[in-house]
Amino acid sequence: MRGHENQPCRHMEGLLHRAADRKLRGFAKWYAFAHAARCPKCRQFLRSIELMVHSLRLVREEANDTAALARLEKVALESSPGQ
Amino acid sequence: MHDANGIETWHSRMNLFRREAPRQTLDFEQVVLAELPVLYRVAKHITGDPSVAEDLVAQTLLDAGRGWPGFDGRYPRSWLIMILKNNYKKGLRHSAARPQVEPLTEDRFCIKRDLVEDLNMKAVGVRLMEEVNKLPEEFKMAVVLCDIEEMSYQEAAHAVGVPTGTIRSRLYRGRRLLRRKLAGLVEDVEEPRSMEGY
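Just so it is clear, the structure is predicted and the values come from calculations on it, not from any experiment. (Residues numbered from 1 in each chain as written. Chains lettered and ligands numbered in written order. Predicted model: local features only at pLDDT ≥ 70, side-chain atom pairs only at ≥ 80, totals over all residues. Heavy atoms only, no water.)

**Comments concerning the overall build of chain B**
Now for step 1: What chain B contains, in helices and strands, is eight helices and zero strands.
Now for step 2: Moving toward the C terminus, one meets the helices and strands of chain B in the order α-α-α-α-α-α-α-α.
Now for step 3: The buried share of chain B, taken over its 198 residues, is 39%.
Now for step 4: Summarising the internal contacts of chain B: among those between residues at least 6 apart in sequence, 63% fall at separations of at least 24.
Now for step 5: As displayed, chain B offers around 11700 Å² of accessible surface, 53% of which is attributable to carbon and sulfur atoms. (Helix = DSSP H or I, 4+ residues; strand = E, 2+ residues; numbered from the N terminus. Buried < 20%, exposed > 50% of the residue type's maximum accessible area, 1.4 Å probe, protein only. Contact = heavy atoms within 4.5 Å. Areas by Shrake-Rupley, 256 points an atom, 1.4 Å probe, with all protein chains shown as cover.)

Spelled out as structure tokens, the structure:
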């Protein structure tokens, strides 16, 4: 475990990010989750990354403004190469 | 292609390795209309101002219309975001000469919020969005494309015009900064889905 508080083990950080993104396969996947299951800081790190990404996606749709999108649709149709 | 002596020329050998671009069968309007919400959201994150974002997307659409005949049809979302990013940088260069007035924000007065009250996912998301917008430009782009817009590392790298490893590293560093700023907010909530079964 790394000395700093709330930091994952140094060699695990990249693997845990990829595990949170579901990009790991085979042995790397097994190793990442097996390590996280035994190491509280890595487990907490993986959990926080997953929750962070999940929360961001939850509020994503609210960032759209329908009036602006309607205006931009018009621009899109006008800028079509076929016009 | 062979020369007079029947020896394969350098040019013909190189052509073997050149990947042919897929035929362009996409419809401009269909592609652009489907990607509009993503473009607008990304523009809002980059500029931090809805009206500037709208102008930026409009300019992007005009440029995309002009560049459409030369587009090879691969990664349309990345292609549009690349145009958007280039337009934004162009705009920044033009505005660099003008004096900038920094808007007053809550942060300047260091108002402390009670984060404990925000402990539900949506509130966390809203707070996170604010922090994402304060990230350094390159990290923000990686987080917006990969985490918010759910683009793959490859697509995001294509959009930003950097290698896949670079986008991964920027994403991880951006997440690290976010996590540091929001320490305690996104932790100790519940057991992650990925740990099930272990």
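**Quick word on the nonpolar core**
Now for step 1: Formed by 70 residues in total, the largest nonpolar core has its most connected members in Val42, Val57, Leu61, Ile81, Leu145 and Ile167 of chain B.
Now for step 2: With 10 residues, the single largest contributor to this core is helix α2 (residues 28-47) of chain B. (Core = buried A, V, L, I, M, F, W, Y, C linked by side-chain atoms within 4.5 Å.)

**A closer look at the state of the cysteines**
Residues and elements named next belong to chain A.
Now for step 1: According to the stated counting rule, one finds zero disulfides over all chains in the structure shown.
Now for step 2: The thiol sulfur of Cys39 is not disulfide-bonded, and the nearest other cysteine sulfur, from Cys42, lies at 3.6 Å.
Now for step 3: Relative accessible area serves as the criterion here: at 0%, Cys42 is assigned to the buried category. (Disulfide = S-S within 2.5 Å.)

**Notes on the packing of aromatic side chains**
Now for step 1: This model, assessed by the stated rule, comprises six aromatic pairs over all chains.
Now for step 2: Taking 5.5 Å as the distance between ring centres and 45° as the angle between the ring planes, the aromatic pair formed by Trp68 of chain B and Phe71 of chain B counts as tilted. The exposure classification of Trp68 of chain B matches that of Phe71 of chain B, with both residues buried.
Now for step 3: On the basis of an interplanar angle of 15° and a centroid distance of 4.2 Å, the ring pair of Phe71 of chain B and Trp79 of chain B is categorised as stacked.
Now for step 4: Take Phe71 of chain B: its relative accessible area is 5%, and that puts it in the buried class.
Now for step 5: The rings of Phe28, Trp68, Phe71 and Trp79 of chain B are connected pair by pair, giving a single aromatic cluster.
Now for step 6: Geometry around Tyr153 of chain B places Lys23 of chain A over its ring, the cationic atom sitting 5.2 Å from the centre. (Phe/Tyr/Trp six-rings, centres within 6.5 Å; stacked < 30°, edge-to-face > 60°. Lys NZ or Arg CZ within 6 Å of the ring centre and 35° of its normal.)

**Structural notes on the interface of chain A and chain B**
Now for step 1: If you look at the interface, chain A gives 48 residues, while chain B gives 50 residues.
Now for step 2: If you look at where chain A meets chain B, you find four salt bridges.
Now for step 3: In this structure, Arg57 of chain A engages Glu150 of chain B in a salt bridge whose closest nitrogen and oxygen atoms are separated by 3.9 Å.
Now for step 4: Between the two partners, chain A and chain B, sit 10 residue pairs in polar contact (both at pLDDT 80 or more).
Now for step 5: At the level of secondary structure, the elements contributing two or more residues to the side of chain A that touches chain B comprise α1 (13-20), α2 (26-38), α3 (40-60) and α4 (66-78) of chain A.
Now for step 6: Here the side of chain A that touches chain B gets 18 residues from one element, more than from any other, and that element is α3 of chain A.
Now for step 7: Taken together, the residues of the side of chain A that touches chain B sort by class into 21 nonpolar, 12 polar and 15 charged. (Salt bridge = Lys/Arg side-chain N within 4 Å of Asp/Glu carboxyl O. Polar contact = N/O pair within 3.5 Å; in protein donor to acceptor, adjacent residues only side chain to side chain. Nonpolar A, V, L, I, M, F, W, Y, C, P; charged D, E, K, R; others polar.)

**Looking at α3 of chain A**
Now for step 1: Helix length check: α3 of chain A (21 residues) gives 30 Å between terminal C-alpha atoms against 30 Å at 1.5 Å per residue, within 8%.
Now for step 2: The element α3 of chain A is extensively covered by neighbouring structure, given that 15 of its 21 residues are classed as buried. (Expected span 1.5 Å × (residues − 1).)

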